[in-house]
Amino acid sequence: MWIYFILLIVQLFHFGCGVKLGTCYQDGNCRLPSCFCGGKSAPGNLEPSEIPQMIMFSFDDAVTGEIYEMYEKLFSRGRLNPNGCPITMTTFVSHNFTDYKLVRSLFRKGHEIAVHSVTHRTPTTFWKQASYNQLQYEIVEQRSIIAENAGVPVRNITGWRSPFLQPSGDIQFTLLQENGFEYDSTLTIATEKGFSAKRWPNTMDFGWQLDCNVLPCPFGKYPGMWEVPVQMLEVGDSGNGCLYADSCRPTTMEEAFQLFWVNFHNHYTGSRSPLFFTMHPSWLREEHNMKALNYFFLTILHYYHDVYFVTYQQHLAWMKNPTPLSDILRFAPWKCDHLRYEPETDKDGNGHNGVSSISNCFPYLFLVLSTFPLFYTKIFFDKYCLLY
């Protein structure tokens, strides 16, 4: 009787310790820069007013001539963050149809090149059931292809996103960690009561501790490996959301602009958690989407001096070393000296931020957006503003 009682106590003790050891405690059993629990609290316990609002744009699939021209318009030379460096984005590159000379050009301009598979094959069940060797070909081989053909050093290719956001469970994370990847961006976070969850990314030291929206999620622990989840965007006050911006399907420029503006406003005036816009570049083929996104860039660059468009790598660098706005101009990972970047000048030799050509438009634009955001129309923009 006593033996059974003692064994029961021992089992309960081990169970209790297991639960305790399996829970992430920031600044307890998890410390930056190598470990972060994620959630809604900012790294470094900074107040929202001390946090630069980081906006990350990521694009999936091939880089073609048409797509490259779209990127050139949106991230044109002269559009600068408040620290004087060019605004940047992350592109998850798949192999088929990609022009690697254009990938090289994007990298040299400061954009991040990440991996999105060799084949991008269907059906999605392939990725769900993929073996270690199959994933090794899709992930590691594509990294090698990018490095060899685009001249991007392997050390600079640190991110992976699975096609169709279909995870492969522990095989995927084991392979990523064994091959020196810094982060994955495949797992998804749904909205909370119809609104964005607004969470910070986490390391996988204690595994994936949120709901698994798409099986199979990993069960293991992967110390130091970051998960930058795809978070749902809000669609106005509808209570609906979408993981990819192109899944929202706006039908007008106003609707498309509101997709960007509402999500930015809710993050910026709230906790200033990172804002991710995930999309396929093919979405930009629709003129009203391209115009809306262009205006979003111009509006932010013209009016906000504490908002930064950065890559996933730059975002994670900040998370590892959370730096308040008062010191952000000295934050080395966001500097661009290595790009030898020279701002554009106008005909009088004055530097500008890619917005001066339509500066007269912005007082009207800002008034409309801030006062009657649902009433600004394509007619207004076509009349008062020059797009490209």
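In this text the structure is predicted, and so the values were computed from the model without any measurement.

With that settled, the discussion passes to the overall build of the protein. Helix and strand content of the protein: 11 helices and 13 strands. Across the 388 residues in the protein, those meeting the buried criterion constitute 51%. The contacts in the protein between residues at least 6 apart in sequence include a share of 74% that link residues at least 24 apart. Total accessible area computed for the protein in this model is approximately 17,900 Å², and 55% of it derives from carbon and sulfur atoms.

A few words on unusual backbone geometry. A cis amide bond links threonine 122 with the next residue in sequence, proline 123, at an omega value of 0°. Relative to the helices and strands, proline 123 is located in the loop between strand S3 (112–115) and helix H4 (125–129). Across the junction of leucine 215 and proline 216, the peptide omega takes the value 0°, indicating a cis bond. Even without a glycine there, the phi angle at lysine 198 is positive, about 50°. Within the secondary structure layout, lysine 198 lies in the loop between strand S6 (188–189) and strand S7 (202–204). A positive phi angle, close to 55°, is found at arginine 249, a residue other than glycine. Structurally, the position occupied by arginine 249 is in the loop between strand S11 (241–242) and helix H7 (253–268). According to the relative accessible area criterion, arginine 249 is partly exposed, its value standing at 45%.

Our next topic: the environment of phenylalanine 257. Inspection of the secondary structure puts phenylalanine 257 in helix H7. For phenylalanine 257 and lysine 291, which are 34 residues apart along the polypeptide, the C-alpha to C-alpha distance reads 8.5 Å.

All right, on to the pairing of strand S2 (residues 90–93) then. With burial as the criterion, each face of S2 is covered, one bearing Thr90 and Phe92 and the other bearing Thr91 and Val93. On the question of chirality, the crossover connecting strand S1 (residues 53–60) to the parallel S2 by way of helix H2 (residues 65–74) is right-handed. One ladder, built from 4 bridges, connects S2 with S3; its direction is parallel. Paired with valine 93 across the two strands is valine 115, which belongs to S3. Taken together, S2, helix H3 (residues 100–108) and S3 constitute a β-α-β crossover, and its handedness is right-handed.

A full pass over the atoms with the stated rule returns 5 disulfides. Between cysteine 85 and cysteine 336 runs a disulfide, and the two sulfur atoms are separated by 2.1 Å. Its torsion about the S-S bond being -85°, the disulfide of cysteine 85 and cysteine 336 is classed as left-handed. Of this pair, cysteine 85 sits in the loop between H2 and S2 while cysteine 336 is found in the loop between helix H9 (312–320) and helix H10 (362–371), placing the two residues 251 residues apart along the sequence. Between the sulfur atoms of cysteine 242 and its disulfide partner cysteine 248 the distance amounts to 1.7 Å. A torsion of -55° about the S-S bond marks the disulfide between cysteine 242 and cysteine 248 as left-handed.

Reading the values: the criteria
- Residues numbered from 1 in each chain as written.
- Predicted model: local features only at pLDDT ≥ 70, side-chain atom pairs only at ≥ 80, totals over all residues.
- Heavy atoms only, no water.
- Helix = DSSP H or I, 4+ residues; strand = E, 2+ residues; numbered from the N terminus.
- Buried < 20%, exposed > 50% of the residue type's maximum accessible area, 1.4 Å probe, protein only.
- Contact = heavy atoms within 4.5 Å.
- Areas by Shrake-Rupley, 256 points an atom, 1.4 Å probe, with all protein chains shown as cover.
- Right-handed = clockwise from strand over helix to strand, strands pointing away.
- Pairing = 2+ DSSP bridges.
- Disulfide = S-S within 2.5 Å.

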